[in-house]
Amino acid sequence: MADTILSVDNVTMQFGGVTALSDVTFGITRGEILGLIGPNGAGKTTCFNVITGVYAATSGTVTFDGQPLAGLKRFQITKRGIARTFQNIRLFPDMTAVENVMVGADANHKTSVGGALIGSRRHHREEREGRDKAMELLTFMGIADRAGDAARNLPYGYQRRLEIARALATNPKLLCLDEPAAGFTPAEKQELMDLIRKIRAQGYTVLLIEHDMSLVMGVTDRIVVLDFGKIIATGSPAEVQNNPDVIAAYLGVPDDAA
Amino acid sequence: MSLSETFKSLTSTPARAISGVGERIGEMPKVSRWSLIALFIVSLYLMPWWPEVPVLGWLIDTPGTSFEGVITDKVVIYVLVALGLNVVVGLAGLLDLGYVGFYAVGAYTVGILSSQHANLPWLVCVPIAVLVSMAAGVILGTPTLRLRGDYLAIVTLGFGEIIRISANNAEWLGGSRGISKIAKPPNIGPLKFGILDAKPYFFLGLTIIIVVVFLLRRLENSRVGRAWNAVREDEDAAELMGVNTFKFKLWAFAIGAAIGGLAGTLYAGKVRFINPSNFPLQLSILFLAAVVLGGTGNMWGAILGGAVVAWMPERFRGFADKRVFVFGVALVLVMVFRPQGLIPRKIRKERWLVNWKPPQSTPQSGEAEVGRG
Amino acid sequence: MSDWLIYRTFWDLTVTGLALGAIYALVALGYTLVYGVLRLINFAHSEIFMVGTFATLITATNFIGIPLLEEGNYPYRTGFTLVAILLACIVGGMVVSGAGAVLLERVAYRPLRGSGEHVGAVVLAFATAFTVSLVFSETTRTNVIIGLIGTAPIAVLYLRIFRRGRQAPRLAFLISAIGASTAIAEAVAIWSPRDREQYQTARVLEKKVLFEFLGTDVRIDYVLVIVGALLMMAALVLFVNRTRLGRGVRAVAQDVETAKILGVNVDFVILITFLLGGVMAGAAAMMFTLVYDQTRFNIGFLLGVKSFTAAVLGGIGNLRGALLGGLVLGLGENYGAAIFGGEWKDVIAFILLLVVLMFRPTGILGESLAKARV
């Protein structure tokens, strides 16, 4: 059995009368790039939200690195090693790019109010480390030239990459990207694919929601397909591409085949 | 340029000039920077003598009341309060309408410990009072910080009132008569604290403000300040980035309460007689107005706001009983035309960024090693 | 406000508590409406109430001509005359408070939404010129004249500046409201005949006992207040639920952008919201003078704070919640004061709020102007 880093078991998510996820079960192997696809409204972002602790599943369990995530607060889940980006960019708009990333890096620091007040050595060291790490990540993402600009003034492509940099700053084991290529040109999508491969090469595991099929097919190792809150297919990109249920979910069934 | 743009540039020019000066000072070499700051601080200590300066003096002097009295009794205290409330409202983004409660807790603790039930010297009472205020902040914050913003407002308002009315009804707190004969700060060398001369109180207050500003700056430029900014800008996203939002909100509350309590001890040590009517709800509102007027989230804005709100009614005493009315109208006008406050929060490019170089251990330029170490 | 302390029986406290609660509820409606639609705490609503009490006073004494005392007795009236006078008073209160609320919105809030317009500019201009003239002259007449002269040019200037279009941060709205509230209260204090003294209002209704209920004498003024408040509540609920404008109010409370796209005139809806709140406060003002026979420049403040607490208690944004919150608060204050002593009366409101919010963070009935669970 491969080394499973995240295990979603029989997760059901209900909001009042609406069932967003229904008995969803899948696992992510350490080091793989897993794609999560499905038509609009299938429950992909809900799935993300359950994994990252935004919602508590109505039933079922999520296990990360061998430990269940039930009962943990959101920031604790992040500290355990799950980081994410958002479908609608949620940067801190009036903070600079590098500050945004430093907030992520702060998650792993030990010093707090006391250390800051007295200016302890450990506090200065952690500040320095945070700055260096933030700048490294910005350079890695190729956006270091605008490090001192307010996040809301950055061009769209920079903002998306900044979100990823911020998520990486929390030192995660699993990186969840929610539609990172939305609004990108084909050239930018190519760059993003290279970036995701580079991220995996550094040792991260990636869970990816995307609508762009060529991107998904091109960069993922495995794909999970959701429709109406249920998993309808899993497998390699090639397998999923030819799966009739998947095709039906996206394109509908031809009239004469019903 | 249209009229509105002209107006905007007119009003923002002074603010930008001030921050422009600040930036240029920041870029200076260390020695010149520190000597300028030292010069500035010395001139602050000379404030009791400012009215004697030709033009400036006429501008700021308060005819009809002692200028010294104004800067001691009001300006210093309001500035300190504004600094503390700015941490809560401006930095962490928590709407607190009952800040006078912490101020009262500080003053009453000093009163109880130095007059009502014991005879401890003022200097001993102060740290105890600050701790008690801080504890009050934690006690109030723990159940209520989970509430949404506007609910927090009404609950904090209630807290302020509860403190005042409890002080009024409880005999061991002095009841409606209050507490008198509160200790004063101890005489330090040539500085004698007494009724005759307000200057020692001013110097003491100014020193406290400088220390508080220094400490707050440290907090702002650390992960604590970043966490507060993140919580204020997008609390949910902050939590998902690993920020323990509840802890930092509580810290903001506690620190704000501590500073408020500290201001209360100064007040008690100066007037030496307090009663519940000194701490009405209107004062909380005045404090909030000071912070917003000056510019929320900006320490210098808070200082300016506190100073203006404290000083202006005294400067324009000519209005006599119409002062409060004028204040109300002024508040509306300032908010309509400059809602971000006199010195708005600015996004600063950090000084360290200008000269940043990657640490020596990175292999080569281009792709940095960002492995999961 | 001190005669309730004399009553000791439970039903006495209940009746007076309900009457007081009814007044709280009507004022709370104004807070809850504005909050539900704008997410804004209308701090100046308390002064709208206060102005309504003075309007009632002036309607009775100046317009209708009722003296405060007739041959050493209260100027009681009966029958049709009485009804007419009471109606005139309540209408006077509602009209003035309603107009005040609308004016307030245009002066202190609309410019901050980036859509400042003429009325607001004119009033602000007059206020500016008037206030500046206070520096130079003590005579009110000079001040008014200078104010009027300065209005036109300053208003033109302000209008140009108003075309900013951007929304101010939320705290700015709150401070603007506080400023307006302070200015209104102080204006009444400074420029009314008796300054900061208490005003006695004309007592036209003889406060006879209407009937006896479980050992308590139920006075007619309490009954009128309770019934009147319920009627006004019902009218408001009908309006919000059944009329097109009411639907607009609910739509804007739910989602401003969508409402705009669907053609709802948001500015007008906001104006109506303030108007409704003001009318409710005006009615409450008349009822207040009916029961307590007095008013003063600062009676708005504490009552406003408590009414807002009542609105939060019942569920902010929820109309039924405002009614429930008001009644609960009125009763709670009375019972609590009887148990713990009168000096703790004002604190009870907040303690009650804390307790409720601890167990139901969105108030007793939950927030819901938007959800039409009105």
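Check the entry above for the structure.
Read on for an overview of the structure. (Residues numbered from 1 in each chain as written. Chains lettered and ligands numbered in written order. Predicted model: local features only at pLDDT ≥ 70, side-chain atom pairs only at ≥ 80, totals over all residues.)

**Structural notes on the sheet that holds strand 1 (residues 4-15) of chain A**
Residue and element names in this part refer to chain A.
Moving on, step 1. With respect to topology, 4 strands assemble into an open sheet ordered 2-1-4-5, the strand pairing being antiparallel. In the strand order of this sheet, the two ends are held by strand 2 (18-29) and strand 5 (67-68), each with one partner.
Moving on, step 2. Strand direction decides the pairing type here: strand 1 and strand 4 (residues 59-64), joined by 5 bridges, are antiparallel. For Val 8, the partnering residue across the bridge sits in strand 4 and is Val 62. (Pairing = 2+ DSSP bridges. Helix = DSSP H or I, 4+ residues; strand = E, 2+ residues; numbered from the N terminus.)

**Focus: the pairing of strand 1 of chain A**
Residues and elements named next belong to chain A.
Moving on, step 1. Across 8 bridges, strand 1 lies against strand 2 in antiparallel orientation. Pairing of Ser 7 across the sheet is with Gly 27, part of strand 2.
Moving on, step 2. Between strand 1 and the antiparallel strand that follows it, strand 2, lie 2 residues; Gly 16 among them carries a positive phi value of about 60 degrees.

**So, the interface of chain B and chain A**
Moving on, step 1. Chain B puts 34 residues into the contact, and the matching count from chain A is 44 residues.
Moving on, step 2. With 7 residues, the top contributor of residues to the side of chain B that touches chain A is helix 9 (residues 223-233) of chain B.
Moving on, step 3. Its residues placed into classes, the side of chain B that touches chain A shows 19 nonpolar, 5 polar and 10 charged. (Contact = placed C-beta atoms within 7 Å. Nonpolar A, V, L, I, M, F, W, Y, C, P; charged D, E, K, R; others polar.)

**Some details on the packing of helix 5 (residues 100-116) of chain B against helix 11 (residues 245-271) of chain B**
Residues and elements named next belong to chain B.
Moving on, step 1. At their nearest, the axes of helix 5 and helix 11 sit 6 Å apart, and the two run at 50 degrees to each other. Between helix 5 and helix 11, the crossing angle belongs to the class labelled oblique. Once helix 5 is placed against helix 11, the crossing between them reads as right-handed. Of the residues in helix 11, those in contact with Phe 102, Tyr 103, Ala 104, Val 105, Gly 106, Ala 107, Val 110 and Gly 111 of helix 5 are Ala 257, Gly 260, Gly 261, Leu 262, Ala 263, Gly 264, Thr 265, Tyr 267, Ala 268 and Gly 269. (Axes fitted to C-alpha atoms, helices over the stretch in contact; angles between N-to-C directions. Parallel < 35°, antiparallel > 145°, perpendicular 65-115°, else oblique. Left-handed = near helix turned anticlockwise from the far one by under 90°.)

**Here we look at the interface of chain B and chain C**
Moving on, step 1. If you look at the interface, chain B gives 38 residues, while chain C gives 42 residues.
Moving on, step 2. With 12 residues, helix 14 (residues 323-337) of chain B is the single largest residue contributor to the side of chain B that touches chain C.
Moving on, step 3. Of the residues contributing to the side of chain B that touches chain C, the split by class is 27 nonpolar, 7 polar and 4 charged.

**Description of the environment of Val 356 of chain C**
Residue and element names in this part refer to chain C.
Moving on, step 1. Note on placement: Val 356 falls in helix 13 (residues 345-359).
Moving on, step 2. Distance from Val 356 to Leu 313, taken between C-alpha atoms, is 6.8 Å for residues 43 residues apart in sequence.
Moving on, step 3. For Val 356, the residues in contact, after removing those within four places along its chain, are Leu 313, Gly 363 and Ile 364.

**Things to note about the sheet that holds strand 7 (residues 174-178) of chain A**
Residue and element names in this part refer to chain A.
Moving on, step 1. Reading across the sheet, the 6 strands line up as 6-7-8-3-9-10 and stay open at both edges, with mixed pairing between neighbours. Since the sheet does not close on itself, it has two edges, and those belong to strand 6 (82-84) and strand 10 (230-235), each with one partner. Along the sheet, successive strands turn relative to each other by an average axial angle of 20 degrees, direction set aside.
Moving on, step 2. Pairing between strand 6 and strand 7: 3 bridges, direction parallel. Bridge pairing in strand 7 links Arg 84 to Cys 176.
Moving on, step 3. Where helix 10 (residues 244-251) meets the sheet, it contacts strand 9 (222-227) and strand 10, and its direction lies at approximately 130 degrees from that of strand 10.

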